[in-house]
Amino acid sequence: MGTDFLQYTITGLTVGVIYAMVAIGYNIIYNVTEIINFAQGEFVMLGGLFAAFFVGTLHLPVFLAFFAAVIATGCVGFAMERFVIRRARNAGVLSLIIITIAVSILLKGSAMLGYGKDPHCLPAFSTRGPIMIAGAVLQPQVLWIFGVSALVVIALSFFFHRSFYGKAMLACADNPIAARMVGIPVRQMVLLAFILSASIGAAAGVIITPISLMDYDRGAMLGLKGFGAAVLGGLGNFYGALLAGCVLGLAESYCAGYLSSGYKDAVALIFLLLALFFKPEGLFGSEAATLKKF
Amino acid sequence: MLTVSDIHTYYGNIHALKGISLQVRSGEMVALIGANGAGKSTLVHTICGLIRPEKGTIMFQGAAIHGLLPESIVERGIAVVPEGRHVFSTLSVEVNLQMGGFVHRRNSSQIQEDIHWMFDIFPILRQRRLQLAGTLSGGEQQMLAISRALMSRPQLLILDEPSMGLAPLVIKEIFRIILDLKEKGKTILLIEQNARAALQIADRGYVLETGRVALEGESAMLLEHKDVQRAYLGQKGHLSTVPFAAKAQKRQRSCGG
Ligand SMILES: Nc1ncnc2c1ncn2[C@@H]1O[C@H](COP(=O)(O)OP(=O)(O)O)[C@@H](O)[C@H]1O
Ligand SMILES: [Mg+2]
């Protein structure tokens, strides 16, 4: 009983952290542009597949593959903003959101053409065997997942609170008109937001692939759950996303363990719907953080 | 320094500015007065690059700036204190000021220096340094908005209705600050509905009515002008904020349906 609970908790936190990173990706783009980027899940998928390619085909060491995959996906984010979003920037926010759905379909299709339909794997970051804690199994890769996500969160906090560009991104989110009036180049900030979100999504994809494998079709579900976490945590709220991601992952894992794994995927949707019905500003959001334009 | 010639600006089908021309010379303070909805803020947004004019030219220090991005216009030396203040309310006072200096981001010692200079001009902001801007009082937010604009070291400072929504005593303080800036040699374009207060400290003035310049001239002349007195200054010794022209306009609109 206790062992099961511990095991479910570990599993839940592992996926929860991944959802949290997807949610943070949503938040970064949403904060600067009010766009909900439904291609966010595809960035996770691309990160995993790129890394699998760099290790499996190019035989890069896994750490190098991690950074290469993050950079490659960052370039995809760059291209998405530069060649798609920017061209349509005079369209309304809703049209832009629909465009992100189109991009997600495009990315998924390209991934299928490039990598096929089979799942790809990646070796774990360290080769030592699983650790036993009170009868529960802890894969070393799980520790990597926690470590890398913690690093991402710390780096982001640092970026947003210490660097000039990070603060400028917060300023754009706070008041886009004033941001333009003081001379913050909003277009560059939007580009930066897409690159950053894509890179964070890719990092999540690379660290989860050794545990859960990755195939072209995984982006949509990851994106949806990350979106659930983002809404639950209050859109635009980083720490909310972090907490909501973990809550969602845990709820899913307990549901799979104690009820039936068949309902697992419904948990995130139920949370999302409940949040939208009863508390659209999210658990940790303020009133002002409610979906701005719907 | 700034020459606006025959500017036409539209919002979709609405013809908001119908051929506006005005000039601000170096070292001068020019007042732009007009009723609510006359197009004052639209002109400000057109000058600072937030809206593209359909027609007309804007020259600043000898170069055309219409069609440039807002960030290039700030870099060239125009800073705006927007109507309604628009401070970054979820960021601290200090970060607000840093953002005001965004165009000088590569020179962090200058930004640090300027922040201290702002704190010397507005000591209250030093006390509130780490407070979120949204928690400041209206007057403090206006001081923050002004100092944020000054952080870019502008040649021309544009203030859009700095007295809006403030208590009379605070308005007095804000006007004292503006006059101070002028005496230090700043070139200022002051937009106001509070016509008397604005004309009293400005060198020259323009009166805007429904997207056109209705009148222009020396402040003293405008203060004495019959139409201005009737429409914008109200009874003697009484500060009017809702001029007759606006009331008449409203009446017309409701009749026109
Ligand atoms: N964003 C907008 N969209 C459409 N019409 C606008 C917009 N902003 C202002 N207007 C219209 O343009 C005219 C001028 O407005 P504005 O420049 O704000 O006047 P003022 O600053 O003098 O009060 C008004 O009739 C107003 O209704
Ligand atoms: Mg106005």
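Please refer to the structure placed before this passage.
1. Brief notes about the overall build of chain B
Then comes step 1: A count of helices and strands for chain B gives 11 helices and 10 strands.
Then comes step 2: Dimensions of chain B, computed from the C-alpha atoms along their principal axes, are close to 55 × 40 × 35 Å.
Then comes step 3: Looking at chain B residue by residue over its 257 residues, the buried ones come to 54%.
Then comes step 4: In chain B, the proportion of contacts linking residues at least 24 apart, taken out of those at least 6 apart, comes to 65%.
Then comes step 5: If you sum the accessible surface of chain B, you get close to 11,400 Å²; carbon and sulfur atoms cover 51% of it.

2. Focus: the site of ligand 1
All names here are of chain B.
Then comes step 1: Surveying the vicinity of ligand 1 reveals the residues Tyr11, Ile14, Ala16, Ala35, Asn36, Gly37, Ala38, Gly39, Lys40, Ser41, Thr42 and Glu83.
Then comes step 2: Contact distances for ligand 1 include 2.4 Å between an oxygen atom and a side-chain N or O atom of threonine 42.
Then comes step 3: Expressed as a share of its isolated accessible area of 550 Å², the protein-covered part of ligand 1 is 62%.
Then comes step 4: Of all the elements in the fold, those that place two or more residues in the shell around ligand 1 are β2 (14-24) and α1 (40-47).

3. A closer look at a nonpolar patch on the surface
Then comes step 1: Taken together, the side chains of Ile270, Leu273, Leu274, Leu276, Phe277 and Phe278 of chain A define a hydrophobic patch exposed on the protein surface, amounting to about 660 Å² of accessible area.
Then comes step 2: Residue position: phenylalanine 278 of chain A is located in helix α11 (residues 264-278).

4. Some details on the layout of surface pockets
Rolling a probe over the atoms, with the probe sized like a water molecule, indicates the empty space that remains.
Then comes step 1: Volume-wise, the largest pocket comes out at about 1,100 Å³.
Then comes step 2: Lining the largest pocket are 33 residues, with Arg89, Asn90, Arg180, Val186 and Val190 of chain A positioned closest to its centre.
Then comes step 3: Of all the secondary structure elements, the ones that give two or more residues to the lining of the largest pocket are α1 (2-33), α3 (62-85), α4 (93-115), α6 (164-174), α7 (176-181) and α8 (186-212) of chain A together with α2 (70-76) of chain B.
Then comes step 4: A breakdown of the residues in the lining of the largest pocket according to their chemical character gives 18 nonpolar, five polar and 10 charged.

5. Comments concerning the side chain of lysine 225 of chain A
Residues and elements named next belong to chain A.
Then comes step 1: By secondary structure assignment, the location of lysine 225 is in helix α9 (residues 219-232).
Then comes step 2: For lysine 225, a relative accessible area of 5% translates into the label buried.
Then comes step 3: A polar contact is formed between the side chain of lysine 225 and the side chain of aspartate 265, at a distance of 2.5 Å.
Then comes step 4: Lysine 225 has contacts with Tyr19, Leu248, Glu252, Asp265 and Ala268, leaving out every residue within four places of it along the chain.

6. Some points on the sheet that holds strand β5 (residues 63-64) of chain B
Residues and elements named next belong to chain B.
Then comes step 1: One open sheet holds the four strands; their spatial order is β2-β1-β4-β5, and the pairing between them is antiparallel. Strand pairing shows two members of the sheet lacking a second neighbour, β2 and β5, which therefore form its edges.
Then comes step 2: Direction of pairing for strand β1 (residues 2-11) relative to β2: antiparallel, over a ladder of eight bridges. Within the sheet, the bridge partner assigned to valine 4 lies in β2 and is leucine 22.
Then comes step 3: Running at roughly 110° to β1, α1 makes contact with β1, β2 and β4 (55-60) of the sheet.

7. Remarks on the coordination of the magnesium ion (ligand 2)
Then comes step 1: For the magnesium ion (ligand 2), the protein coordination sphere consists of Ser41 of chain B (OG) and Glu83 of chain B (OE), at 1.9 to 2.0 Å. Of the two residues, serine 41 of chain B is situated in helix α1 and glutamate 83 of chain B in the loop between β6 (78-81) and α3 (93-100); the sequence distance between them amounts to 42 residues.

8. Considerations on the interface of chain A and chain B
Then comes step 1: Each partner contributes to the interface: chain A provides 19 residues, whereas chain B provides 26 residues.
Then comes step 2: For the pair chain A and chain B, the summed buried surface comes to about 2,000 Å²; carbon and sulfur atoms form 69% of the total.
Then comes step 3: Considering only the side of chain A, the residues that lose the most area to chain B are Phe164, Met181 and Val182 of chain A, jointly responsible for 36% of the buried surface there.
Then comes step 4: At the junction of chain A and chain B, the tally comes to zero salt bridges.
Then comes step 5: Where chain A touches chain B, the interface holds five residue pairs in polar contact (both at pLDDT 80 or more).

9. Quick notes on the side chain of glutamine 98 of chain B
Then comes step 1: Examined against the element boundaries, glutamine 98 of chain B turns out to sit in helix α3.
Then comes step 2: Owing to a relative accessible area of 10%, glutamine 98 of chain B belongs among the buried residues under this scheme.
Then comes step 3: If near-sequence neighbours (up to four positions away) are discounted, glutamine 98 of chain B is found in contact with Phe164 and Lys167 of chain A together with Ile111 and Ile115 of chain B.

Each value, and the rule that gives it
- Residues numbered from 1 in each chain as written.
- Chains lettered and ligands numbered in written order.
- Predicted model: local features only at pLDDT ≥ 70, side-chain atom pairs only at ≥ 80, totals over all residues.
- Heavy atoms only, no water.
- Helix = DSSP H or I, 4+ residues; strand = E, 2+ residues; numbered from the N terminus.
- Buried < 20%, exposed > 50% of the residue type's maximum accessible area, 1.4 Å probe, protein only.
- Contact = heavy atoms within 4.5 Å.
- Areas by Shrake-Rupley, 256 points an atom, 1.4 Å probe, with all protein chains shown as cover.
- Near = heavy atom within 4 Å.
- Polar contact = N/O pair within 3.5 Å; in protein donor to acceptor, adjacent residues only side chain to side chain.
- Patch = residues over 30% accessible without salt bridge, like charges linked within 9 Å, V, L, I, M, F, W, Y side chains within 5 Å.
- Salt bridge = Lys/Arg side-chain N within 4 Å of Asp/Glu carboxyl O.
- 1 Å grid on protein atoms, 1.4 Å probe; cavity = no way out; pocket = protein on both sides within 12 Å on 5 of 7 lines; lining within 4 Å.
- Points joined across faces, edges and corners; volume = space filled by probe spheres on them.
- Nonpolar A, V, L, I, M, F, W, Y, C, P; charged D, E, K, R; others polar.
- Pairing = 2+ DSSP bridges.
- Axes fitted to C-alpha atoms, helices over the stretch in contact; angles between N-to-C directions.
- Donors = N, O, S within 2.8 Å, 3.2 Å for Na, K, Ca; no water.
- Buried area = accessible area lost by both parts, 1.4 Å probe.

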